[in-house]
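Okay, here's what each chain looks like letter by letter:
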Amino acid sequence: MTIAGCAQISCERSEILMGTVVTLQAQGGDAQLAVDESFKQIAELEENIRADVKRIEDAAGKEFVRVSPDVFEILETAQIFNGLTGGAFDVTCGAAVELWGIGTDKARIPSDAELAVVKNLVGANHLHLRDGTAYLDLRGVKLNLGGIAKGYGVDLTRNIFNRYGVKSGLIDFGTSTIYAVGKKRIGIKNPRAPSELSKVVELENAALSTSGDYEKFFIADGRRYHHIIDPATCAPADSGLRSVSVVVDGSREHCAMTADILSTAAFVAGRERAENFLGVSKDFVLE
Ligand code: ADP
Ligand code: MG
């Protein structure tokens, strides 16, 4: 589905990509070309990720496989931040994400035995990277790039907007990760009333990412089970936070990918542990 509205110097369009509604707004420069090229490259990125993740998982326990440069960069960054966040951010959490199935029609509370099996299949130490190739050293380990790939897509788009001379605009990957070209005011949802805003932040050439327990969840026995997994327990993170928003300045390369990672990681780590790594950001809101 495409919702389009483009004039010569201003363009706004939405497409469903990377599991979310991507909305691109551009003004100035070759706005329309910038938006067209961005959607093309985001679709390519999505396909590269899908194909490479499958190939890495299929070759688990057997051999290293060559991946696209985009996917290699995503995995390399994920491993660096796994270290910086004390393990809170971990793209090898795929088996745990699948077991809980949150956000799908298969969502359920797994048994202790199932959790024990999955705990052996989650761990950044299982992922090895070398010269553009990747290897999982144990069969059954699954990669999940849901907490990083959208940020990478925002950065990719930002670079395209830059090349086409876009003067102002908004790159919005389903409100979870956003980049403002120029100045924009962005609302942060109230985690317990997501149709209302709890805060408005002013972004100027900066990325904003929000992770919360209200996007995908189910409630059972009065407890909320959501989609952000604590790799230490392989269960939904229980750090006491409901929502984390992180702003990373555009002067930093890969600012949106960094914001995307940090909001998920801080949500898992909780207030105290997150202090160790949120210094990378320009601003943050923990609720
Ligand atoms: P959203 O995708 O709604 O923007 P996040 O950016 O916080 O939310 O990413 C959450 C997604 O990241 C989950 O749906 C899952 O795919 C993946 N994920 C869950 N827990 C972790 C984790 N501890 N580390 C890395 N990725 C995770
Ligand atoms: Mg994230």
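Bear in mind that the values here come from a model prediction, so they are computed numbers and not experimental data.

Moving on: the site of ligand 1. The environment of ligand 1 is made up of 17 residues, and the closest members are N144, K150, S176, S211 and I229. In the environment of ligand 1, a nitrogen atom lies 3.0 Å from a nitrogen or oxygen atom belonging to the backbone of A88. One nitrogen or oxygen atom from the side chain of T264 is found 2.8 Å from an oxygen atom belonging to ligand 1. Contact with the protein chains removes 94% of the 560 Å² of surface that ligand 1 exposes when unbound. Among the cavities detected, the one that contains ligand 1 is the largest pocket. At 3 residues, helix α6 (residues 255–274) tops the list of elements feeding residues into the shell around ligand 1. Here the shell around ligand 1 is composed, by residue class, of 7 nonpolar, 7 polar and 3 charged.

Where a metal carries four tetrahedral donors, each ideal angle is 109.5 degrees; where it carries six octahedral donors, the ideal angles are 90 or 180 degrees. Donor atoms from the polypeptide that coordinate the magnesium ion (ligand 2) comprise D260 (O), D260 (OD) and T264 (OG1), at 2.2 to 2.4 Å from the metal. With a gap of 4 residues between them, D260 and T264 both fall in helix α6, about one helical turn apart. Of the two residues, D260 and T264, both sit in the buried class.

So, about unusual backbone geometry. Not every positive phi belongs to a glycine, and M18 is a case in point at roughly 50°. Following the sequence through the fold, M18 ends up in the loop between β2 (10–17) and β3 (20–27). Taking the relative accessible area as the measure of exposure, M18 reaches 13% and is therefore buried. One non-glycine residue, H254, lies in positive phi territory at about 60°. With respect to the helices, strands and loops of the structure, H254 is situated in the loop between β14 (243–249) and α6.

Let us look at the packing of helix α5 (residues 149–163) against α6. When two helices pack together, their arrangement is captured by the angle between the axes and the distance separating the axes. Where α5 contacts α6, the axes come no closer than 7 Å and their chain directions differ by 160°. As judged from the angle between their axes, α5 and α6 are roughly antiparallel. Helix-helix and strand crossings are classified by hand; for α5 and α6 the assignment is right-handed. Between α5, through A149, K150, G151, Y152, V154, D155 and R158, and α6, the contact on the second element is made entirely by C255, A256, M257 and D260.

Note on placement: D52 falls in helix α1 (residues 31–58). Taking the relative accessible area as the measure of exposure, D52 reaches 7% and is therefore buried. Polar contacts involving the side chain of D52 include one to the side chain of R55, which spans 3.0 Å. Excluding anything up to four places from it in sequence, D52 contacts V67, S68 and V71.

The rules behind these values
- Residues numbered from 1 in each chain as written.
- Chains lettered and ligands numbered in written order.
- Predicted model: local features only at pLDDT ≥ 70, side-chain atom pairs only at ≥ 80, totals over all residues.
- Heavy atoms only, no water.
- Near = heavy atom within 4 Å.
- Polar contact = N/O pair within 3.5 Å; in protein donor to acceptor, adjacent residues only side chain to side chain.
- Areas by Shrake-Rupley, 256 points an atom, 1.4 Å probe, with all protein chains shown as cover.
- 1 Å grid on protein atoms, 1.4 Å probe; cavity = no way out; pocket = protein on both sides within 12 Å on 5 of 7 lines; lining within 4 Å.
- Sits in = over half its atoms within 2 Å of the grid points.
- Helix = DSSP H or I, 4+ residues; strand = E, 2+ residues; numbered from the N terminus.
- Nonpolar A, V, L, I, M, F, W, Y, C, P; charged D, E, K, R; others polar.
- Donors = N, O, S within 2.8 Å, 3.2 Å for Na, K, Ca; no water.
- Buried < 20%, exposed > 50% of the residue type's maximum accessible area, 1.4 Å probe, protein only.
- Axes fitted to C-alpha atoms, helices over the stretch in contact; angles between N-to-C directions.
- Parallel < 35°, antiparallel > 145°, perpendicular 65-115°, else oblique.
- Left-handed = near helix turned anticlockwise from the far one by under 90°.
- Contact = heavy atoms within 4.5 Å.

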